[in-house]
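Architecture at a glance
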Amino acid sequence: MESTVDIRMALGTDIIGMTLVVVMIIGNIWRLRLRKKESLLLIAMLGTCFSCCLSDLLAFAVDGSKHEYARQFVYITNTWLYASNYLCAYSWLLFLREHFNIEMSPTQKWTLRVMKVVLVLMLGINLFVPFIFSVNEYNIYSREFGYWIYVAFNYGIVVNSLTMYYKNYRHDGSIRFFPIWLYVVPIVIATVIQSLWYGVSLMAPCFAVAIAGAFSSLQNERVFRDNLTGLFNRSFLDYVLFLYSQNGHKASGIMVSLCGFEKINEYSGHAVGDAALCQTAEILRDSVGSWGSILRYSGDEFIIMVDSQQDNNISNCVERLTMNFDRFNREDSEEFKLNPAIGVWKHSGGSEDVDSFLNGLKAAVKNEKRKLSPL
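Residues numbered from 1 in each chain as written. Predicted model: local features only at pLDDT ≥ 70, side-chain atom pairs only at ≥ 80, totals over all residues. Heavy atoms only, no water.

1. Points about the overall build of the protein chain
When you go through the protein chain residue by residue, the secondary structure sums to 13 helices and 6 strands. Put simply, the protein chain has 375 residues, and 48% of those count as buried. (Helix = DSSP H or I, 4+ residues; strand = E, 2+ residues; numbered from the N terminus. Buried < 20%, exposed > 50% of the residue type's maximum accessible area, 1.4 Å probe, protein only.)

2. Observations concerning the sheet that holds strand S3 (residues 251-258)
With antiparallel pairing, 4 strands are arranged side by side in an open sheet as S4-S5-S3-S6. Pairing within the sheet leaves two strands with one partner each, and these edge strands are strand S4 (292-298) and strand S6 (340-347). Neighbouring strand axes in the sheet, compared pairwise and without regard to direction, differ in orientation by 20° on average. With 6 bridges joining them, S4 and strand S5 (residues 301-306) adopt antiparallel strand pairing. Within S5, the residue paired with Gly292 across the bridge is Val306. (Pairing = 2+ DSSP bridges. Axes fitted to C-alpha atoms, helices over the stretch in contact; angles between N-to-C directions.)

3. Describing the packing of helix H3 (residues 37-62) against helix H4 (residues 70-99)
Orientation of H3 relative to H4, taken along the N-to-C sense of each, is 160°, at an axis distance of 8 Å. On the basis of the axis angle, H3 is roughly antiparallel to H4. Of the two possible hands of crossing, H3 and H4 adopt the one that is left-handed. Per-class residue counts for the contact of H3 with H4 are 19 nonpolar, 9 polar and 5 charged. (Parallel < 35°, antiparallel > 145°, perpendicular 65-115°, else oblique. Left-handed = near helix turned anticlockwise from the far one by under 90°. Nonpolar A, V, L, I, M, F, W, Y, C, P; charged D, E, K, R; others polar.)

4. A few points about the nonpolar core
The biggest cluster of nonpolar side chains holds 61 residues, and the ones touching the most others in it are Tyr82, Trp92, Ile157, Tyr183, Phe207 and Ile211. Of all the secondary-structure elements, those providing two or more residues to this core are helix H1 (7-27), H3, H4, helix H5 (106-126), strand S1 (133-135), helix H6 (146-167), helix H7 (181-196) and helix H8 (203-221). It is H4 that contributes the most residues to this core, 13 residues altogether. Apart from the residues lying within four places of it in its own chain, the contact partners of Tyr82 are Leu123, Ile132, Phe133, Tyr141, Tyr147 and Tyr150. Counting 25 residues, the second-largest nonpolar core is a separate cluster that includes Ile294, Val306, Cys317 and Ile342. (Core = buried A, V, L, I, M, F, W, Y, C linked by side-chain atoms within 4.5 Å. Contact = heavy atoms within 4.5 Å.)

5. Some remarks on the environment of Thr229
Within the element layout of this structure, Thr229 appears in the loop between H8 and helix H9 (234-247). Spatially, the C-alpha atoms of Thr229 and Cys278 are 5.1 Å apart, while their sequence positions differ by 49 residues. For Thr229, the residues in contact, after removing those within four places along its chain, are Leu277, Cys278, Ala281, Arg285, Arg296 and Phe302. A distance of 2.7 Å separates a polar atom in the side chain of Thr229 from a polar atom in the side chain of Asp226. One polar contact links the side chain of Thr229 to the main-chain amide nitrogen of Leu231, over a distance of 3.2 Å. (Polar contact = N/O pair within 3.5 Å; in protein donor to acceptor, adjacent residues only side chain to side chain.)

6. Focus on the packing of aromatic side chains
Between two aromatic rings, the relevant description is the distance of the centres plus the angle of the planes. Evaluation of the coordinates by the stated rule reveals 11 aromatic pairs. For the pair Phe133 and Tyr141, a centre-to-centre distance of 5.3 Å together with 40° between the ring planes defines the contact as tilted. The same class applies to Phe133 as to Tyr141, namely buried. Measuring from centroid to centroid gives 5.0 Å for Tyr147 and Trp148, while their planes differ by 80°, and the two rings are edge-to-face. Classification of Tyr147 by relative accessible area gives buried; the value is 8%. A relative accessible area of 47% means that Trp148 is categorised as partly exposed. The rings of Tyr75, Tyr82, Phe133, Tyr141, Tyr147, Trp148 and Tyr150 are connected pair by pair, giving a single aromatic cluster. The lysine or arginine in question, Arg143, covers the ring of Tyr147, its NZ or CZ lying 4.4 Å from the ring centre. (Phe/Tyr/Trp six-rings, centres within 6.5 Å; stacked < 30°, edge-to-face > 60°. Lys NZ or Arg CZ within 6 Å of the ring centre and 35° of its normal.)

This is the structure in structure tokens:
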């Protein structure tokens, strides 16, 4: 009996998928060389996607073969394909968490651990008691009832990523420049089509398309990022204030300016000055958390946009900033100290333009500097 699956159906789509992965690696080699966890996760995404396309192609190639070891090959390649599909989705979830610095709840972490263990057990058991897929006497693959359990697992990962994304959407402006639908939609479409019409090979190449969408979003996001600190830049501030003015939305700005930063550059060099700016960015991230978006305005000036005008929220944020800068100056062994002047100005929505808001913030910081260094 011949296989009902035509290898040509998989050949074109899987080769396109693998080619797309190679193109993404070549086009983003600079990003992948960075020794950061995010870069390692990007490599994992690309590697598992390539593995997924390759295993899909091999699974189609050996299906229905009359080779002596064809049955074993069909089981191995399809088991590898199922595992690769799951790893594609799982590495995406980890990348999303790392890129946006999202803290998963204990329930989410526990659920993911259980899913990983159960999936490994399912694939292992399937080799001896086929219930996800089986291979008949003609070495032809066919789905079993457990296939839908596996699909539910993959959708569980997608739902988890969507939950994290939208839960943090309001608190992290960077997420708004990273449309998750570029990743989710191709996967959902591929899953639905491939589940309903057996023999159609779309899942693996659609993972490649989805990851290409993620890379495109990363590239767009760079427009709004400061290269040194990784914070947002002035372009992001212009964009956010434009939206606030258009919508009449009220928010608050907190400007942090480092007193005596010029002396750090003058006496210790620009490399140490850059380190001071990066350390300041870390302190701001730790202090602000999900309260607002942080950007480097210019030089040693930073702005925090807080989605609130309540005095207690603003004062709590300023207090935490002051406390963390003081802790750094007491406990850290760096050759520099960080002495911030912190000014606050409330944005009045549609009645205040960008220049007026910035002038208010600068005046507030200038006043704080006078208090810190009186004439």
